[in-house]
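Structural overview
This is what each chain is made of:
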Amino acid sequence: MSTAIDIQKTSASKIFEVDFNNLPFGQITSDHMFICDYKNGKWQQPQILPYQNFSLDPSARIFHYGQSVFEGMKAYRDDKDKIWLFRPLENQRRINISSERLAMPAFPENYFMDGLLALIKLEKDWIPQTEGSSLYIRPYIFATGIGFHASPADEYKFVIACSPSGSYFSGKVKVLIEEKYSRSANGGVGFAKAGGNYAGQFYPTQLAKAKGYQQVIWTDDNTHEYIEEAGAMNVFIRIGDTLITSPTSDRILDGITRKSVIAIAKDENIPVEVRKITVSELVEASKKGTLKEMFGAGTAAVISPIHGFGYREKDYDLPELENSYASRFKKRITDIQYNRAEDKFGWRYLVE
Ligand SMILES: *Cc1c(COP(=O)(O)O)cnc(C)c1O
């Protein structure tokens, strides 16, 4: 059964102002947004409105106590103008896992899916077709309820906004293995897609950038011996022909791209080990020449190859490989996303 959504269309589309052959990532927003407010203990009438500012009380708790979670997903246009999503129910499920950890109310599955599909259909013309581009979709929930009392808000807003985006280009990425700052801690909120996790990452990332690195490799907060994530991406390491990635935990986000890479690796008979990996194992492998690849995995960039890492004032380079795992996984995943290949996993989701 579908949710009745109150739809108010814009009378002044901005689409003609946009250069679809030259799209940045996540900077331009589309004409409409999906909104649903939570009050009196329940989610209210869902709406699609012209994209516009919010009005918030200065005591709204988002400003003070940071109750805010989000998702990142994409809609893809294939060469026959069909529109697809990639594993959207995983995002639906995860935003509620994140919300629960921040004492926020769950958003019903049918509201999420019906709102998402209605919005994408309405914004269909905003989905670009050039290679690597897509409509970036940002669902999020934040506390609108008022009061300076440090307790969970009683009112929230669920929003989906969209951004026609070009491919997420990161250039040659050199990463710094971080031993002082932590992204997350045992028992903390690292597994949630909470806005505050990003706020806490920015400063150590700025310090790494000042030293000439583009990104930080997070290690565990307790010993700083184990590799956990690469910036806001899950991290994979290839030693010999074996692919290694850390197990998810309450410190590591359960990425959909990560899961997809593991499934594809198994499908291609690539040995894959989901286990803890230490920085010393990485450094040893680099010295022995068995360290072949490192890459980040996440929705925005899909796969982001890492060209070298810094550790304790020393730099280690990774080899340039023909036919790398990184490029194989990127091709397999994007071929499924853009309906260029068979989808034996059932990951593609037809919008229309
Ligand atoms: C969003 C995110 C990822 C990637 O998750 P995907 O579902 O693959 O987009 C990885 N790590 C962190 C910390 C994230 O916030």
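Basis of the calculations
- Starting afresh in each chain, residues are numbered from 1 along the sequence in its written order.
- Two thresholds apply to this predicted model, a pLDDT of at least 70 for residue-level local features and 80 or more for giving and counting side-chain atom pairs, whereas whole-chain, interface and lining totals are computed over all residues.
- Note: side-chain values were computed over all heavy atoms of the structure, leaving out hydrogens and water.
- Each residue is placed in one exposure class: buried if its accessible area under a 1.4 Å probe, protein chains only, is under 20% of its type's maximum, exposed if it is over 50%, and partly exposed if it falls in between.
- In this description a helix means any DSSP run of H or I spanning at least four residues, a strand means any run of E spanning at least two, and both kinds are numbered starting from the N terminus.
- Strands were regarded as paired on the criterion that DSSP finds at least two bridges between them.
- Viewed with both strands pointing away, a crossover whose connecting path from the first strand over the helix to the second turns clockwise is right-handed.
- Put simply, a residue is near a molecule or strand once any heavy atom of it comes within 4 Å of that molecule or strand.
- As used in this structure description, the phrase polar contact means that two N or O atoms lie within 3.5 Å; if the pair is within protein, one of them must be able to donate a hydrogen and the other to accept it, and residues adjacent in sequence are counted only when both atoms belong to side chains.
- Values of accessible area rely on a 1.4 Å probe in the Shrake-Rupley scheme; residue burial ignores everything except the protein chains shown.
- In this classification, Asp, Glu, Lys and Arg are treated as charged, Ala, Val, Leu, Ile, Met, Phe, Trp, Tyr, Cys and Pro as nonpolar, and every other residue, Gly included, as polar.
- The way it works is a 1 Å grid over only the protein atoms, where trapped points that fit a 1.4 Å probe form a cavity and open points with protein on both sides within 12 Å along at least five of seven lines form a pocket, and then any residue with an atom within 4 Å of a point lines it.
- Grid points are joined across faces, edges and corners, and a volume is the space filled by probe spheres set on the points.
- Helix axes are fitted only over the stretch in contact, all axes being lines through C-alpha atoms; the angle between N-to-C directions runs from 0 to 180 degrees.
- Here roughly perpendicular refers to angles of 65 to 115 degrees, roughly parallel to angles under 35, roughly antiparallel to angles over 145, and oblique to all remaining angles.
- In this scheme the crossing of two helices becomes right-handed for a clockwise turn of the near helix relative to the far one and left-handed for an anticlockwise turn of less than a right angle.
- Two residues form a contact once any of their heavy atoms are found within 4.5 Å.

**Things to note about the pairing of strand S14 (residues 242-245)**
Burial of the side chains of S14 extends over both faces: Thr-242 and Ile-244 are buried on one face and Leu-243 and Thr-245 on the other. Pairing of strand S13 (residues 233-239) with S14 involves four bridges; the strand directions are antiparallel. Its bridge partner being in S14, Ile-239 is matched across the sheet by Thr-242. Linking S13 back to S14 in an antiparallel pair, the connection comprises two residues, with Gly-240 at a positive phi of about 60 degrees. In this structure, S14 lies alongside strand S15 (residues 272-274), joined through three bridges in parallel fashion. Within S15, the residue paired with Thr-245 across the bridge is Val-274. Chirality of the crossover, the property in question, places the unit of S14, helix H5 (residues 256-267) and S15 among those that are right-handed.

**What about the site of the ligand?**
Of all residues adjacent to the ligand, which total 14 residues, the nearest are Lys-193, Tyr-198, Glu-229, Thr-257 and Thr-299. Here a nitrogen atom of the ligand and a backbone polar atom of Ala-232 are 3.3 Å apart. A distance of 2.8 Å is found between an oxygen atom of the ligand and a backbone nitrogen or oxygen belonging to Ile-256. Here the ligand loses 97% of its free accessible area of 380 Å² to cover by the protein chains. Looking at the shell around the ligand, the elements that each hand over two or more residues are S13 and H5. Broken down by class, the residue content of the shell around the ligand amounts to five nonpolar, five polar and four charged.

**Thoughts on the layout of surface pockets**
If a probe as big as a water molecule is rolled over the atoms, it shows which places are left empty. Its boundaries defined by the atoms lining it, the second largest pocket holds a volume of some 270 Å³. Along its surface, the second largest pocket is lined by 16 residues, and Leu-176, Ile-177, Glu-178, Lys-211 and Glu-313 are the ones closest to its centre. Elements with a minimum of two residues in the lining of the second largest pocket: strand S10 (173-177), helix H4 (195-210) and strand S18 (314-317). Residue classes in the lining of the second largest pocket are distributed as eight nonpolar, no polar and eight charged.

**Some points on the pairing of strand S11 (residues 215-219)**
In terms of burial, S11 is largely enclosed, as four of its five residues are buried. Relative to S11, S10 is paired through three bridges, and the arrangement is parallel. Residue pairing for S11: Val-175 is matched across the bridge by Gln-215. For the handedness criterion, the β-α-β arrangement of S10, H4 and S11 is classed as right-handed. Where S11 meets strand S12 (residues 227-230), three bridges bridge the pair, whose relative direction is antiparallel. Paired with Trp-218 across the strands is Glu-229, a residue of S12.

**What to know about the packing of helix H2 (residues 88-101) against helix H3 (residues 109-122)**
Two elements in contact, H2 and H3, have axes whose closest approach is 10 Å; the angle formed by their N-to-C orientations is 135 degrees. Accordingly, the angle class assigned to the pair H2 and H3 is oblique. The two elements H2 and H3 meet at a crossing, and its hand is right-handed. Of H3, the residues touching H2 (which contributes Pro-88, Leu-89, Asn-91, Gln-92 and Ile-95) are Glu-109, Phe-112, Met-113 and Leu-116. Looking at the contact of H2 with H3 residue by residue, the classes come out as six nonpolar, two polar and one charged.

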